[in-house]
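# Coordinates in review
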Amino acid sequence: MSSIPQRRDFLKMAGLLGGGLSLGSVTGVGAAPATAADLMRNWANVREHGVEPGGTTKNTAALNRLIQTIGRAGGGTIYFPPGVYLTGALHLVSNLTLWLDAGARLVFSEDFDDYLPMVPSRWQGVEVNNFSPLIYGVKLDNVTIAGRGEIDGSGAVWWDYVLKLRATMRAKPDTPLSKWQEIHRDENGGKVGQSFGFLRPPLLQLHHCTNVRVEGVTFRNAPFWTTHFVNCDGVTVDGIAVLTPDSPNTDGVNPESSRNVMIANCRFHTDDDCITIKSGKRYPGQPADFAACENITITNCVMTKGASGVGIGSEMSGGVRRVIVTNCVMDGTWGGIHIKTIRGRGGVVEDLEFSNIVMKNIHGHSAVHLNMLYWEKTERQPVTETTPLFRNLRFNNLRCDSTQAAVLIEGLEEQRIENVSFNHSDFAGSTGFTVRDADGVRLNDVRVAAESGPALICDRVNRLDVSGFAALGNSATAAPAITLHDVTASSLDRCGYAGGAKPYVDVSGAGSQWLRVRDPDLTVDDGAIKVGGDVGQDVVKTSR
């Protein structure tokens, strides 16, 4: 069968470099037409350069020689025709395209030594020297990985080893270090560090690169995160699939401290966050000058398994700003949208917009979770540069049925989440919409059907503006449908309770100040609004 259609697809997508050293045509899989001869310069078929198919011969040296040859020629394309190609770590160069044809499988070795020597890396937000990522590049320009083939990280051997190592080291802390732990210790100032000094490498990691494109390929079985872009500028991830079975920490696409990133038309079925935006993790003694992750668009993606569909953090010490997520489906993930941090990380998450998102079977947690208490429930602290902040977050046209919690917003007592709005959205779940420690929350045309408890719970919230809110299902017949504790400078305007039992609204807390309820069906006198004895006189004002 002629390969001309795939070649034309490539030319249309990436554009071949003209001129320079001719490295060979794609012979054996269909001859190029004569009119394309000039365009085929600097195109190298791996089979013509000492690379053996079959999946048994390691091709690490041959592939890296070919990559370097392409680099010395000024750039070009390495073409993988159908077949299985076994390799160790690959280190990329500028102006390079790896093109995997349909039926091509790049399979990475299960031998940990094939990822030595260790190289500078970032692992869960921390700068370390570690195993080489399976595909690695630093300070490159114009890098493309594309085609219809597959890249398999052979992750199972890494997952099994690290899980057994953790169990052993926890049970017997004096267990002698493996040679890889010793190398890691020696490469990192004599410190064993995270995960007992055995840090699985990501499948693809690029640092300080510009004009990066990853398109069309399927990634399977990453040892750790699947694709990781650190301090990169101009990244496009389009039409890839990330498919990984039950496995630890196998995130799909992770831009970190990067800018101008577009993620579109992708499919995820993995065992950790499908897409997560990060910006480094502040530790005592670590540099605090992480770059922000900014100008990110995510669109037209489908997530069918993962810890969350879209996550931000918890490594966010450099901040995250200007992110748009739209037209996505999350069906079967553990959580939906999860923005997470803890005290001490610092960083500002701001100017985010989520719209036109459908969620179903969110079986582990909430459709939306704004979480400043991730993992560690620490005590209130003074506000410093290490105090994180979330602000200016907008959610429009979300649809979610069958989730554990509809929405959970958890700020810090000392640093409330600021300016969050939900518009024209529907949620159905085991529990309803909870807001705690926030300032400037607006719910407009939001419907919540909770199986138990109130549809809306607010605690220590300032400037709550609720308009056209509807409590449906069991949450409408429960009493109350809305509970407000220590809520200040807030209003409820024409909400619906589907004929539920009174009181519809329960107001409590000595910190409550100025609540206006504008609804012809709600008054204090008829029992529709319950005002606790600890609430000051005339705090609640009603009007029709």
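Residues numbered from 1 in each chain as written. Predicted model: local features only at pLDDT ≥ 70, side-chain atom pairs only at ≥ 80, totals over all residues. Heavy atoms only, no water.

Turning to the packing of aromatic side chains, a few remarks are in order. To describe a pair of aromatic rings, one takes the distance between the centres and the angle between the planes. Counted according to the given criterion, the structure contains 21 aromatic pairs. With centroids separated by 4.6 Å and ring planes inclined at 45°, the aromatic side chains of Y161 and F198 adopt a geometry described as tilted. Linking Y161 in helix α3 (residues 156-171) with F198 in the loop between α4 (179-187) and β12 (204-207), this pair joins segments that are 37 residues apart in sequence. F198 gets classed as buried once you look at its relative accessible area, which sits at 0%. Each residue in the set F112, Y115, F131, W158, Y161, W180 and F198 is aromatic and connected to the rest through ring pairs, giving one cluster. (Phe/Tyr/Trp six-rings, centres within 6.5 Å; stacked < 30°, edge-to-face > 60°. Helix = DSSP H or I, 4+ residues; strand = E, 2+ residues; numbered from the N terminus. Buried < 20%, exposed > 50% of the residue type's maximum accessible area, 1.4 Å probe, protein only.)

To continue, consider the confidence of the model for the protein chain. In the predicted model, the protein chain carries a mean pLDDT of 90, and the fraction of residues at 70 or more is 89%. Under a pLDDT of 50 for its full length, residues 1-8 has, in the predicted model, 17 contacts with residues more than four places off or in other chains. The low-confidence segment residues 10-39 (pLDDT under 50) makes 62 contacts with residues lying over four places distant or belonging to another chain. (pLDDT = per-residue confidence, 0-100. Contact = heavy atoms within 4.5 Å.)

Another aspect to go through is the layout of surface pockets. Its boundaries defined by the atoms lining it, the largest pocket holds a volume of some 860 Å³. Lining of the largest pocket is provided by 38 residues; of these, Q124, S314, K340, Y374 and W375 occupy positions nearest its centre. The residue inventory of the lining of the largest pocket, partitioned by class, reads 11 nonpolar, 15 polar and 12 charged. (1 Å grid on protein atoms, 1.4 Å probe; cavity = no way out; pocket = protein on both sides within 12 Å on 5 of 7 lines; lining within 4 Å. Points joined across faces, edges and corners; volume = space filled by probe spheres on them. Nonpolar A, V, L, I, M, F, W, Y, C, P; charged D, E, K, R; others polar.)

Inspection of the secondary structure puts S247 in the loop between β17 (241-243) and β18 (253-256). Polar side-chain contacts of S247 include one of 2.7 Å to the backbone oxygen of P245. Not counting chain neighbours up to four residues away, the residues in contact with S247 comprise W159 and D271. (Polar contact = N/O pair within 3.5 Å; in protein donor to acceptor, adjacent residues only side chain to side chain.)

With that settled, consider the side chain of E350. With respect to the helices, strands and loops of the structure, E350 is situated in strand β27 (residues 348-371). A distance of 2.8 Å separates the side chain of E350 from the side chain of R391, its partner in a polar contact. Among residues more than four places away in sequence, those in contact with E350 are V320, R321, R322, R391 and N392.

Okay, empty space enclosed by the protein next. A water-sized probe rolled over the atoms picks out the places where empty space is left. This model, assessed by the stated rule, comprises one cavity of 30 Å³ or more. By volume, the largest cavity amounts to about 30 Å³. If you trace the largest cavity, you find it lined by R343, G344, Q381, P382, T386, T387, P388 and E414. Along the lines of polarity and charge, the residues of the lining of the largest cavity split into two nonpolar, four polar and two charged.

Taken together, the side chains of V302, V329 and V358 present a nonpolar region at the surface, about 190 Å² in accessible area. Looking at the element boundaries, V358 is found in strand β27. (Patch = residues over 30% accessible without salt bridge, like charges linked within 9 Å, V, L, I, M, F, W, Y side chains within 5 Å. Areas by Shrake-Rupley, 256 points an atom, 1.4 Å probe, with all protein chains shown as cover. Salt bridge = Lys/Arg side-chain N within 4 Å of Asp/Glu carboxyl O.)

This part covers unusual backbone geometry. For the bond from L116 to P117, the omega torsion is 0°, close enough to zero to count as cis. For P117, the position within the fold is in the loop between β6 (104-108) and β7 (119-123). A cis amide bond links G313 with the next residue in sequence, S314, at an omega value of 0°.

Another aspect to go through is helix α2 (residues 60-72). Here α2 spans 18 Å end to end across 13 residues, near enough to the 18 Å set by a 1.5 Å rise per residue. Every buried residue of α2 is accounted for by T60, A62, L63, N64, L66, I67 and I70. Tucked into the core, α2 has its buried residues touching β1 (43-45), β2 (76-80), β3 (83-87), β4 (90-91), β5 (96-100) and β6. Of the residues trailing α2, G74 is marked for its positive phi of about 95°. (Expected span 1.5 Å × (residues − 1).)

Turning our eyes to something else, we now look at the pattern of salt bridges. Pairing between side chains of opposite charge can happen when their charged atoms approach one another. Counted under the stated rule, the structure contains 34 salt bridges. For D186, the salt bridge identified is with R185, shortest N-O distance 3.1 Å. What makes R185 partly exposed here is its relative accessible area of 25%. Put simply, K340 and D273 hold a salt bridge, and the shortest N to O gap is 2.9 Å. Note that K340 is positioned in strand β26 (residues 335-340) and D273 in the loop between β20 (267-269) and β21 (275-277), a separation of 67 residues in sequence.

If you look at the biggest cluster of nonpolar residues, it comprises 130 residues, and the most contacted ones within it are F422, F427, F433 and F469. Sort the elements by how many residues they give to this core and strand β29 (residues 417-450) lands first, with 11 residues. Formed by six residues, the second largest nonpolar core is a distinct cluster that contains V126, L199, F224 and W225. (Core = buried A, V, L, I, M, F, W, Y, C linked by side-chain atoms within 4.5 Å.)

Time to look at the pairing of strand β10 (residues 141-147). Summarising burial for β10: five of the seven residues are buried, a large majority. Strand direction decides the pairing type here: β5 and β10, joined by five bridges, are parallel. Of the residues in β10, the one forming a bridge with W99 is A146. Sheet topology places β10 next to strand β13 (residues 210-215); five bridges connect them, and they run parallel. By the bridge assignment, V143 is partnered in β13 with V212. (Pairing = 2+ DSSP bridges.)

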